[in-house]
2 protein chains.
Amino acid sequence: MLSTMQDVPLLVSGILRHGQQVYGESEVLTVVNAEGDVTTASFATVAERSERLAAALRRLGIGEGDRVATFLWNNQTHLEAYLAIPAMGAVLHTLNVRLFPEQLTYIVNHAEDKVIIVDASLLPLLAPLLEGMPTVEHLVVNGTGETVEVAGALRYEELLAAEEPGFVWPELDERVAAAMCYTSGTTGNPKGVVYSHRSTYLHSMAVTAGGSLGIGEMDRVLSIVPMFHANAWGTPYAGFMTGADLLMPQQFLQAAPLAAVIRRWRPTVSAGVPTIWSDLLRYLRANETDLSSLRMITAGGAAVPRQLMEQFQDELGVRMVQGWGMTETSPLCALAVAPRQASVEEEMDWRSRTGRVVPGVEVRICGDDGTILPNDGVSVGEFEVRGPWITGSYYLDPAPDRFHDGWLRTGDIGTLDARGFMQISDRTKDVIKSGGEWISSVELEIEVMAHPDVVEAAVIAVPDERWSERPLVALVLEEGTETTVEDVMAFLVGRVSRWWLPERWAIIDEVPKTSVGKFDKKVLRARYADGELEVLRVDPSQGA
Amino acid sequence: MLSTMQDVPLLVSGILRHGQQVYGESEVLTVVNAEGDVTTASFATVAERSERLAAALRRLGIGEGDRVATFLWNNQTHLEAYLAIPAMGAVLHTLNVRLFPEQLTYIVNHAEDKVIIVDASLLPLLAPLLEGMPTVEHLVVNGTGETVEVAGALRYEELLAAEEPGFVWPELDERVAAAMCYTSGTTGNPKGVVYSHRSTYLHSMAVTAGGSLGIGEMDRVLSIVPMFHANAWGTPYAGFMTGADLLMPQQFLQAAPLAAVIRRWRPTVSAGVPTIWSDLLRYLRANETDLSSLRMITAGGAAVPRQLMEQFQDELGVRMVQGWGMTETSPLCALAVAPRQASVEEEMDWRSRTGRVVPGVEVRICGDDGTILPNDGVSVGEFEVRGPWITGSYYLDPAPDRFHDGWLRTGDIGTLDARGFMQISDRTKDVIKSGGEWISSVELEIEVMAHPDVVEAAVIAVPDERWSERPLVALVLEEGTETTVEDVMAFLVGRVSRWWLPERWAIIDEVPKTSVGKFDKKVLRARYADGELEVLRVDPSQGA
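A. Region of the structure containing the relation of the copies chain A and chain B. Note on the copies: chain A fits chain B at an RMSD of 0.0 Å, the axial shift is 0.0 Å, and the rotation between them is 180°. One copy is carried onto the other by what is essentially a two-fold rotation axis. Residue by residue, 100% of the interface of chain A is reproduced at the interface of chain B, so both copies engage with the same surface.

And the structure:
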């Protein structure tokens, strides 16, 4: 029996129209310098400019399904691209400006991008690669002041000025592609995730839920997480849908300009990776700043140290909420909001878990043998996720080993409890198999990094004759500290199981990172294999 | 270009499973007497019982698409029916327990209900009609203590006890029917609206949005609005999806038991029609009650007098938010939340408008000639709405005159402004056409009812030789008051346009109401036509 409901598709043009017709006075603020000065445009203006952008792209030959890439910081132009490109039926392909050249070339060619919209300031990174990108027919430069010149490049503002507003958004099938983003896989080639209009719309609704970020008209959202990372966690679309101002930091992502932006423009919500927050904390300790506008900040993209959340809470009075997701999951899957049963004392215990699954997403854990394990908070297995904003394959790359009966295998392992709380203990490829038991490299890192003189630390598995594998800690100490490896080891005693205590340590200058800022353990493993790490042996029993 | 997203349908079983797996400890509290005592069940229990109910219905021969009706107050059984019946692929048909017998018989036969689940206390209303309902194969009685007996009636608890939990919910197409509800049309036969799984799921998400009701795990929702009225405004599904406790008042809807329930069980959110709130206000003035648990109450189903919102705010410290919707719209379309630009002084001006359109719904106004009018806050026309939770037809009754290019014609007229605020001034059929201009019967009623000695008032159009139509005010005065019609007229001066001031008044004991408690102006018009109203003539110029 069919319903009598209207068959109205969930489209990005619906998000655009709602922001335009209901929240025309809300604003997009783009930071233009390290002092935090901004340019401002109303949603009405952004919507009208999006109509012009669509008309301009149509004139350049962009049709439904064609890929239009962006190589942009978080700014007003990027938002216009977010809205116009999917709404016209084309596909927004956000390029990570921090990708290595070969990866960038690979994904532009794999996606067959026809147009790239690029910030003038980023042109030097892209220009040398254009020759190797034969599908790119047009380069559109946003802003001015580029230091290199590309023959035939078009100017964003000139294209818009030549068009009229009033583009008629097509009534698309909600399942067609709206946007795509490549994962920064640490093994093999990057893989493309293609979001649909439906998934984008539903994900935006999930981000606006009261139990999640609850973004609404009273908010001003500072999205530090780049718009080329998994939709900037859905904040641009959620904000446009609900009238929240969007505060766009562009490339001014260092602690000092961020603090200035927060002080001057008073965001209510912000989203960023833990390292950004950690840098900001250090800066704010020395430079008192009014943070009272912030009702919540979210952190994700890497495990969030409990200590960092406590410091933000206790020293700055700011509530930090940890979220979990992946490029493959749009990304919002879980948020570590304490359950109602939590006492004040327990609250931080809950908040320091990976996250609690949000409505619309299903999570389960799966053992090595493919059986589904109980949600008992104890059984350890690989997380698998399912839902309307979770990918079911990769673009032109089925990768069947990444899926299991229609569920996405996340590559993360850990436990799931009866309240839907996930606790990730490791990546499947990073876990240390020691004497038949598993040591979580991530948990060990968190405990090591809890030491006040440790800047960062990465743990990798190294071969061991007796135990098969044992952990090695690659450690970055504060400059000038007198703390030794032995001190850090002593600090670990009582914080982790006795048999986890690592015998192997190496002091390094910096943990190598991937293009999206995650620890690149692949590089560390290679350095170890090549004998480049100077390994210090410490007897764990000395620390006891 | 297709997306790579998983093709996961939006289903009621998804809402059920999320509540079960993530919020199993949240509770459903059912009020069992006028003192406000409750029985309690966890979501885990409700989910398990829903599995048993589905198994029992399957055993009774209910298959996909079959209609299962409920004739129940708001209680735990009704919630189990809300979850199990759609989740198993059957269609939940909520019957209004206040319907007139002929209407009830008509809609059960029109929907071809196969099973009716009925509260024992309501059986006397239903039993005499069963003979005229040939499609009904089984009657299932909830609770005990009925005063009539129906041969072959089954017991709800016995059916559940005979089954095992673990019913496997089918993977349905999200566009199939989940539930249906008939409108209480004041003209012609009732019309059936058939909600889909998709519309139900999306509507639930809309209800949980931070800018809307923001229902989440920290909430306990007292749904006074019946579950047989347009999904109880989506609160049962939204609550189960997000872990909010559900507080079910059954038939204990008078002010005294509601006050006891609020005091004892501390709901955070409540939803009801204005008359309920108005009764409660009167009661609370005489019986001080702790309302501090309430963060928000919503009112809808009829225009909410500004005075009522002010009284709740000023006297009780409770924020009342007006919403607008219809059975045809699931119902949430608009909520009167003040825009960010509102000053403290202006806030109530905004809140007393009909509502601001929520994301997912599109609203426009349309003139008599079918042209779309501007959203300028001035142009007056009929509201038309569009969206994935808005009906596009009626069950086996296309009613093409109620739709316009795929948009639902609401029958409400008013203005729409550039911020998406709707202001309904009247029903198309109630507006008074006086001398070529329109007088809003609703606005006139609101102003008359603002007089402290007026209990209620309904305004109808009556023929007038000179002006074509003029308003007649049917007035209910406080018992024992000395206020006269002339006093009320004098009160109106300055509150409405001079030419709106009515010459015709009638004092009545009560405004006749429809089965859902709305003013039944059809009856008033008939009484006037039959000469049953004693019309007092007042010269408006006397009041000036």
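Once the structure has been displayed, the description carries forward.
B. Quick peek at the sheet that holds strand β3 (residues 67–71) of chain A. Residues and elements named next belong to chain A. On the basis of which strands lie adjacent, the open sheet formed by 7 strands has the order β7-β6-β5-β3-β4-β8-β9 and mixed pairing. Unpaired on one side and paired on the other, β7 (154–155) and β9 (192–196) mark the two borders of the sheet. Looking at chain direction, strand β4 (residues 91–94) and strand β8 (residues 177–182) are connected through 2 bridges and run parallel. In the strand pairing of β8, histidine 93 is matched with methionine 180. Strands β3, β4, β5 (115–119) and β8 of the sheet are contacted by helix α4 (residues 101–111), whose axis makes an angle of about 155° with β8.

C. Quick peek at the interface of chain A and chain B. At the junction of the two partners, chain A supplies 77 residues and chain B supplies 77 residues. Summed over both partners, the interface of chain A with chain B buries about 5700 Å², with 48% contributed by carbon and sulfur atoms. Across the chain A-chain B interface, the total number found is 14 salt bridges. In this structure, the salt-bridge partner of Asp7(A) is Arg175(B), at a minimum N-O distance of 2.2 Å. On the surface where chain A and chain B come into contact, there are 47 residue pairs in polar contact (both at pLDDT 80 or more). Those elements that place two or more of their residues in the side of chain A that touches chain B are α1 (12–22), β8, β9, α7 (197–208), α8 (235–242), β16 (355–357), β19 (381–386) and β21 (407–416) of chain A. For the side of chain A that touches chain B, the leading source of residues is α7(A), giving 7 residues. Of the residues in the side of chain A that touches chain B, the class split is 38 nonpolar, 23 polar and 16 charged.

What counts, and where the lines are drawn
Residues numbered from 1 in each chain as written. Chains lettered and ligands numbered in written order. Predicted model: local features only at pLDDT ≥ 70, side-chain atom pairs only at ≥ 80, totals over all residues. Heavy atoms only, no water. Least-squares fit on C-alpha atoms with pLDDT ≥ 70 in both. Contact = heavy atoms within 4.5 Å. Pairing = 2+ DSSP bridges. Helix = DSSP H or I, 4+ residues; strand = E, 2+ residues; numbered from the N terminus. Axes fitted to C-alpha atoms, helices over the stretch in contact; angles between N-to-C directions. Buried area = accessible area lost by both parts, 1.4 Å probe. Salt bridge = Lys/Arg side-chain N within 4 Å of Asp/Glu carboxyl O. Polar contact = N/O pair within 3.5 Å; in protein donor to acceptor, adjacent residues only side chain to side chain. Nonpolar A, V, L, I, M, F, W, Y, C, P; charged D, E, K, R; others polar.

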